[in-house]
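Inside the fold
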Amino acid sequence: MPASVSRRRLRTAGVGIALVLAAAAGVLGVWRPWASPPSSAPVGAGVEGGNGVASVIAPAPLVLPEHPRVLVFGDSWTYGSAADEPTLGYAYVLADLLDGETIVDGVRGSGYLKPGIDGPTFGERIAALDPALAPDLVLIQGSINDREQGAAGYREAVTAAWDALAAKYPESAIVVLGPAPHVLPVGAGTARIDVDLSELAAARGWWYISPIAQNWITPENYLDVIDVDPGRRHPSTEGHRYLAEKVAGALDELRAAPVTEAGGSETAPDE
């Protein structure tokens, strides 16, 4: 499938991300391993430790060059659906905000289990990616498209797709951008996906950004972000700009995250 490339200049995006534990869904926004642990087992849980408490792997600090090359991989949100032009979608706008280049690979309707309208599942699409792209960062987004597929086989499909992605781009940083709601309240299937992805990412030591836990889309801003015209239910042009700013702000925070060593003290990335 073709990949589109966009180069644009920097726009400042000072959007800070605070650690939020969504009590209802039990998911993390951006998991911070240097923060004080919650009283119960963190959602970004992988395998159980000897004390019976699920353990996680601290992500490595996100280190990117001054003008990063970013592969943005996802579904119709990444494609740019409902923007005035697809190239006004968040994945393209993100290039400006990062002062870099985005390689956009979005397929409408695609998920880890569900084939898309104009492309197959995430796993099949990852297998077809060009290894010569060699991005500095892979941002893998979504997807809400598996919300009606059920839980059976879902985590296995995600694991296989992520294994293939890591093998194809072993030198690239990988950040998972969880699903964002197209309707409110957030549906049970979408919430389940957010939990599954956050746990699987934490078990690998990958950063996970949850638009749901971070309340990026709320009843107060829903109509400003989502185009609710019949058959659309995707971010408007203004909504895509908003999402790009939120993603850029989240990545900025990950780049500024201190290094935390198990049993050690916090240090800044350059210390």
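Notes on the structure in this doc start here. Worth saying up front: this structure is predicted, and the values here are computed from it rather than measured. (Residues numbered from 1 in each chain as written. Predicted model: local features only at pLDDT ≥ 70, side-chain atom pairs only at ≥ 80, totals over all residues. Heavy atoms only, no water.)

1. A short note on the nonpolar core
Counting residues in hydrophobic clusters, the biggest one holds 34 residues, and the most contacted among them are Tyr90 and Val175. Sequence-distant contacts of Tyr90, defined by excluding residues within four places in its chain, comprise Val72, Trp77, Thr78, Gln141, Leu177, His240, Leu243, Ala244 and Val247. Listed in part, the 24 residues of the second largest apolar core include Leu133, Tyr169, Val176 and Tyr208. (Core = buried A, V, L, I, M, F, W, Y, C linked by side-chain atoms within 4.5 Å. Buried < 20%, exposed > 50% of the residue type's maximum accessible area, 1.4 Å probe, protein only. Contact = heavy atoms within 4.5 Å.)

2. Quick notes on a negative patch on the surface
There is a patch of like negative charges on the surface, built from Asp84, Glu85, Asp224 and Glu238. If you trace the backbone, Asp84 turns up in the loop between helix H1 (76–79) and helix H2 (90–98). Classification of Asp84 as exposed rests on a relative accessible area of 61%. (Patch = residues over 30% accessible without salt bridge, like charges linked within 9 Å, V, L, I, M, F, W, Y side chains within 5 Å. Areas by Shrake-Rupley, 256 points an atom, 1.4 Å probe, with all protein chains shown as cover. Salt bridge = Lys/Arg side-chain N within 4 Å of Asp/Glu carboxyl O. Lys, Arg positive; Asp, Glu negative; His and termini not counted. Charge placed at Lys NZ, Arg CZ, Asp CG, Glu CD. Helix = DSSP H or I, 4+ residues; strand = E, 2+ residues; numbered from the N terminus.)

3. Concerning unusual backbone geometry
Cis geometry marks the peptide bond from Gly142 to Ser143, where omega comes out at 20 degrees. Inspection of the secondary structure assignment puts Ser143 in the loop between strand S6 (137–141) and helix H4 (154–168). In this model, Leu184 is joined to Pro185 through a cis peptide bond whose omega is -5 degrees. Note on placement: Pro185 falls in the loop between strand S7 (173–177) and helix H5 (188–204). In this structure, Asp99 takes a positive phi of about 55 degrees despite not being glycine. Inspection of the secondary structure assignment puts Asp99 in the loop between H2 and strand S5 (101–106). A residue is classified by how much of its surface remains accessible, and Asp99, at 12% relative accessible area, is buried.

4. What about the packing of H2 against helix H7 (residues 237–255)?
Describing two packed helices takes the angle between their axes plus the distance from one axis to the other. Contact geometry of H2 with H7 gives a least axis separation of 8 Å together with a crossing angle of 50 degrees. It follows from the interaxial angle that H2 and H7 lie oblique. In this structure, the crossing between H2 and H7 has a hand that is right-handed. Residues Tyr90, Val93, Leu94, Asp96, Leu97 and Leu98 of H2 form the contact with H7, whose own contacting residues are His240, Arg241, Leu243, Ala244, Glu245, Val247, Ala248 and Leu251. Looking at the contact of H2 with H7, its residues break down into 10 nonpolar, one polar and three charged. (Axes fitted to C-alpha atoms, helices over the stretch in contact; angles between N-to-C directions. Parallel < 35°, antiparallel > 145°, perpendicular 65-115°, else oblique. Left-handed = near helix turned anticlockwise from the far one by under 90°. Nonpolar A, V, L, I, M, F, W, Y, C, P; charged D, E, K, R; others polar.)

5. Some words on the pairing of S6
With five of five residues buried, S6 is to be regarded as a mostly interior element. Here S6 shows two buried faces, one formed by Leu137, Leu139 and Gln141 and the other by Val138 and Ile140. The pairing of strand S4 (residues 69–74) with S6 spans four bridges and is classified as parallel. Note that in S6 the partner of Leu71 across the bridge is Val138. Bridging between S6 and S7 involves five bridges; their strand directions are parallel. (Pairing = 2+ DSSP bridges.)

6. Some details on the pairing of S7
Most of S7 sits out of view: four of its five residues are buried. As judged from the three bridges shared by S7 and strand S8 (residues 207–209), these two strands associate in the parallel manner. Looking across to S8, one finds that Val175 is bridged to Trp207. A crossover links S7 with its parallel partner S8, the connecting element being H5, and its sense is right-handed. (Right-handed = clockwise from strand over helix to strand, strands pointing away.)

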